[in-house]
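Analysis of the macromolecular model
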Amino acid sequence: MSDLAIDIRNVAKRYAEHVAVRDLSLQVPRGAVYGLLGPNGAGKTTTIRMILNIIVPDSGTIELFGQPHLTNGATDRIGYLPEERGLYKKMQVRRVLRFLAELKGVPGKLAEARIEEWLERFQLRTPEKDWGLAKIDELSRGMQQKVQFIGTLLHDPDLVILDEPFSGLDPINAQALKDTVVDLKARGKTVIFSTHLMDNAERLCDAVCIIARGDKVLDGPVTAVKAAHGGRVIALAVGGESRPAIAHILADRTLVSRVDDQNRFYEINLAPGADPQRLLQRVVETGAAIQRFELVQPSLHQIFLERVGASGVEEGMSGQG
Amino acid sequence: MDKVSLRKLGVVFKREYLERVRSKWFLVGTLLGPVFFAMITVLPILISTKTHASTDLANVTIIDATGSGIGERVAGALRQRFPLSPVPQVRSVDAASIGAEEDRAMLAVRDKETRGYLVLDSTTVAGTSARYAGRNAGSIGDVEQITSIVRQQVLAQRLQSEGIDAKRVAALTGTRLEVRTERIGDSGREQGSGLGAAFLGYIVALLLYMMIVLYGQTVLRGVMEEKTTRVAEVVVSSVDTDTLLAGKIFGIGLVAVTQVLAWVALSIALAVYGGPLLAKKLGAGAFAASAIPSISVPALGALLLYFVLGFIFYASLFAAIGAMVNSQEDVQQASMPVMLLLVSTVIFMTPITTNPGSALARTMSLLPFSAPILMPLRMTLVSVPWYEVAGSLAGVVVACLAAIWVSARIYRVGLLMYGKRPTFGELARWVRHAG
């Protein structure tokens, strides 16, 4: 039994106008919460669709739990919540859910029992009202999102793939989704989610992979990624009146490659080869009132900007994800 | 097809079938169908009996320029045939003043004093022609009646001029012959009248067309719904597009078959309980003429086969269109080519019904896109050689496979492609690269 949930090797997908994924390899360990990060158009959705065998890669191999993903029924172990969500509008909630469960191979009786469990858990069935009998288009947007989650998880998948799960969610459902992810992890399931929101990834993920323009930029456990990028970021706070005095130092490209003004402090990326001590010395020389000077662990957001740059964000626009 | 795909096919099939059969519209359509068919079957009978009973047919002006008294004879015959009608006016004139008399008669028709006028001249005596003008000149039944009376009277006049006694002439010519028709096929004499067969063929072809259009478009709408609601992505992550497409087409096809079977059952019930009532009202003769001719079992099998193949052919094309479009506005334009194929088929229904042996009929019943509708029509009218049926079936099967192949590819790519409608160039690329 492989200890990898997903093993992608040298996968590529080209379209007539552009390359969606260029020679991508990545490994997702079993039981991990894994973030697939990248700007819009980086190739996240294409990668996910290839894992699910919705799109056939031009080259490369994909294995799920140690088996080729084309193996019969292999994708039935995946629960998928796509970025573009929707359900049959005129269909009754219970029937939609039962249909989705049966497609994944859950026998009707078992599906029915689980549907009741989930409806109750997500408060779609209360003593006053049973929304399970309503048609999808009679539900509020938030309730439809809940039904969609249930549909994703009803067959108790070993691997859950969530594509931009937080986009368009109201805060309550976002919290419910986060709780669900934590719960899935606790039950030994593997969760992959793609996002361009680094804060979510930072809070939830054990490991991440950053892709941009169809290429992998970096991957690995979050702690390792941060450690690898540590020591090059400095949090600097000075008294408000001293700010103008140090402006010319921050503009010095031999010392500082990028500054992110966080209002209460500057988040400074050191230029390649620059010495933090030299920076401190220069600031002290100006006589500025230093309140904080600290070598910090960069946020994923910082790492992302540093490695991908603003250009990577700009160019992502094909809509193929 | 492997076991997993087969199970998934079943799940998709079940959803497509049950969701539609359970809908209100299906119930309404199923109940109203027989009423509609009763209307289109009974109405023509009602109309034709009404023309038989047309009582004021004799309310005409007869312009007699023969100088032989045929005008009076015709008037007499008309009076006799239509005792309830206002009596015909006979104007005996010379050939030169026909025009003036016609103008006068026309005014009378225009002012609705008479229904029309009949011109008898030297050509009538010669037995070649007469002329009728009137408001009912377009009614085949009325003109047929007048023609037969004039013909009879010219004949009577000739017999009398040969010296035969007037009473004998009346006895000899006073026949009202009706021709009953019977069809002869490969297996000899067949039950039911030839006209009944024509009527049945027409209904069957119309029904085939209707079901293909209605349920073909249901497939289109179903695909479009999955695409526009974005449910498609969840579904295709669990089942491959070929299985999904097949399940959809079979599921909806079975809905169509269910509906037709329900219609047949309801119609039989209606005929059994409503038929005698109708017969009493219209007179047994009128109803017997249109009694449903029996169909042989092989013919029924062929009919079902043509429906299934025709439906698969058109449904896969409609599915491809559903996968191409993103909005209701696009649908009409995008489905135009397929609708044109279907409509061009229907246009030929009438010429083929009247002349089922023509080259046109043979060609159209062999072309794959029209064969599913027009071959069953031809088969109910005349006996078609087995090799023509086999050839047309083979053609339809090939066309089906081609349509499925192309459509499955367009469907696979188009289902998750949002944005503008593809151009022909892009479609061709979808088909090429969808492997």
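What comes next concerns the included structure. Everything numeric in this text was worked out from a predicted model, so none of it was measured. (Residues numbered from 1 in each chain as written. Chains lettered and ligands numbered in written order. Predicted model: local features only at pLDDT ≥ 70, side-chain atom pairs only at ≥ 80, totals over all residues. Heavy atoms only, no water.)

1. Re the nonpolar core
Core analysis: the biggest nonpolar cluster contains 161 residues, and I6 of chain A together with L342 of chain B have the highest contact counts within it. For this core, the element with the highest residue contribution is helix α12 (residues 297-324) of chain B, accounting for 15 residues. Ignoring sequence-local partners within four residues, the contact set of I6 of chain A consists of L26, Q27, V28, I51, E63, L64, L159 and I192 of chain A. Among the nonpolar cores identified, the runner-up in size contains 17 residues, and A75, A77, L118 and Y132 of chain B belong to it. (Core = buried A, V, L, I, M, F, W, Y, C linked by side-chain atoms within 4.5 Å. Buried < 20%, exposed > 50% of the residue type's maximum accessible area, 1.4 Å probe, protein only. Helix = DSSP H or I, 4+ residues; strand = E, 2+ residues; numbered from the N terminus. Contact = heavy atoms within 4.5 Å.)

2. Digging into the interface of chain A and chain B
Between chain A and chain B, the contact holds 29 residues from the first and 25 residues from the second. Overall, the association of chain A and chain B removes approximately 2500 Å² of surface from exposure, summing both partners, and the carbon and sulfur fraction of that is 55%. When the area that chain A buries against chain B is broken down by residue, the three leading residues are E84, Y88 and L103 of chain A, summing to 25%. Along the contact surface separating chain A from chain B lie five salt bridges. Among the salt bridges present, the one from R49 of chain A reaches E233 of chain B, with a minimum N-O distance of 2.9 Å. Our count for the chain A to chain B interface comes out at eight residue pairs in polar contact (both at pLDDT 80 or more). The element that contributes the greatest number of residues to the side of chain A that touches chain B is helix α2 (residues 93-103) of chain A, accounting for six residues. Residue composition of the side of chain A that touches chain B, grouped by class: eleven nonpolar, seven polar and eleven charged. (Buried area = accessible area lost by both parts, 1.4 Å probe. Salt bridge = Lys/Arg side-chain N within 4 Å of Asp/Glu carboxyl O. Polar contact = N/O pair within 3.5 Å; in protein donor to acceptor, adjacent residues only side chain to side chain. Nonpolar A, V, L, I, M, F, W, Y, C, P; charged D, E, K, R; others polar.)

3. Observations regarding helix α4 (residues 98-110) of chain B
Residue and element names in this part refer to chain B. Taking 1.5 Å of rise per residue, the 13 residues of α4 would be expected to cover 18 Å, and the 18 Å separating its terminal C-alpha atoms lies within 8% of that figure. Among all positions in α4, only I98, E101, E102, A105, A108 and V109 are buried. The arc that holds the buried residues of α4, viewed along the axis, is 115°, so those residues lie on one side. Exposed residues pointing more than 90 degrees away from the buried face of α4 are listed as A100, R104 and R110. In this fold, the buried residues of α4 make contact with β1 (60-64), β2 (89-92), β3 (116-120) and β4 (131-134). Following α4 by one or two positions, K112 adopts a phi angle in the positive range, close to 60°. (Expected span 1.5 Å × (residues − 1). Arc of directions from axis to C-beta.)

4. Points about the packing of α2 of chain A against helix α3 (residues 108-121) of chain A
Residues and elements named next belong to chain A. Contact pair α2 / α3: the axes reach a minimum separation of 9 Å and the direction vectors enclose 125°. Viewed along their axes, α2 and α3 adopt a mutual orientation that is oblique. In this structure, the crossing between α2 and α3 has a hand that is right-handed. Two secondary-structure elements touch here, α2 through V93, R94, L97, R98, A101 and E102 and α3 through G108, A111, E112, I115, E116 and L119. The class makeup of the residues in the contact of α2 with α3 is six nonpolar, one polar and five charged. (Axes fitted to C-alpha atoms, helices over the stretch in contact; angles between N-to-C directions. Parallel < 35°, antiparallel > 145°, perpendicular 65-115°, else oblique. Left-handed = near helix turned anticlockwise from the far one by under 90°.)

5. Brief notes about the pattern of salt bridges
All names here are of chain A. Following the criterion strictly, the structure yields 42 salt bridges over all chains and no others. Taking the shortest distance from any N to any O, the salt bridge between R9 and D7 comes out at 3.1 Å. Judged by its relative accessible area of 10%, D7 falls in the buried class. For R292, the salt bridge identified is with E294, shortest N-O distance 2.9 Å.

6. Thoughts on a nonpolar patch on the surface
All names here are of chain B. Judged by side-chain polarity, W25, V28, L32, V35, F36, M39 and L43 come together as a nonpolar surface patch covering roughly 720 Å² of accessible area. Mapping M39 onto the fold places it in helix α2 (residues 24-52). Taking relative accessible area as the criterion, M39 reaches 45% and is therefore assigned partly exposed. (Patch = residues over 30% accessible without salt bridge, like charges linked within 9 Å, V, L, I, M, F, W, Y side chains within 5 Å. Areas by Shrake-Rupley, 256 points an atom, 1.4 Å probe, with all protein chains shown as cover.)

7. Brief notes about the pairing of β3 of chain B
When a strand is regular, its side chains alternate between the sheet's two faces. All names here are of chain B. The element β3 is extensively covered by neighbouring structure, given that five of its five residues are classed as buried. Judged by which residues are buried, β3 turns out to be covered on both faces: G116, L118 and L120 on one side and Y117 and V119 on the other are all buried. Alignment of β1 against β3, held across five bridges, turns out to be parallel. If you follow D64 over to β3, its bridge partner there is L120. Where β3 and β4 come together, four bridges link them in antiparallel fashion. Along β4, the bridge assignment pairs V119 with R131. (Pairing = 2+ DSSP bridges.)

8. Things to note about the side chain of K146 of chain A
Residues and elements named next belong to chain A. The residue K146 is located in helix α4 (residues 141-153) in this model. The side chain of K146 sits in the buried core without any salt bridge; D170 is the nearest counter-charge, 7.4 Å away. The residues touching K146, leaving out its near neighbours within four places in the chain, are F122, L124 and N173. (Lys, Arg positive; Asp, Glu negative; His and termini not counted.)

9. Topic: the sheet that holds strand β3 (residues 33-37) of chain A
Residue and element names in this part refer to chain A. Strand order in the open sheet formed by six strands is β6-β7-β8-β3-β9-β10, with mixed pairing between adjacent strands. Bordering the open sheet on either side are β6 (78-81) and β10 (215-221), each of which pairs with just one other strand. Taking the axes of each pair of neighbouring strands and ignoring which way they run, one obtains an average angle of 15° across the sheet. Two strands pair when backbone bridges link them, and strand β9 (residues 207-212) and β10 are joined in this way by six bridges, in the antiparallel orientation. When the sheet's bridge partners are listed, I211 is paired in β10 with K216. The strands that α4 touches are β6 and β7 (159-163); relative to β6, the one it contacts most, it runs at about 160°. Set on the sheet, helix α5 (residues 171-186) makes contact with β3, β7 and β8 (190-195); between it and β7 the angle comes to about 155°.

10. Observations regarding the environment of T123 of chain B
Residues and elements named next belong to chain B. With respect to the secondary-structure elements, T123 resides in helix α5 (residues 122-125). Judged by relative accessible area, T123 falls into the partly exposed class, the value being 28%. Sequence separation of T123 and T66 is 57 residues, and the distance between their C-alpha atoms is 8.6 Å. Apart from the residues lying within four places of it in its own chain, the contact partners of T123 are T128 and S129. For T123, the side chain forms a polar contact with the side chain of S129, separated by 3.0 Å.

11. Some remarks on the side chain of E226 of chain B
Following the sequence through the fold, E226 of chain B ends up in helix α8 (residues 194-228). For E226 of chain B, a relative accessible area of 0% puts it in the buried group. Sequence-distant contacts of E226 of chain B, that is, excluding residues within four places in its chain, are made with Y88 of chain A together with R15, E16, V231, A232, L244, K248 and Y411 of chain B.

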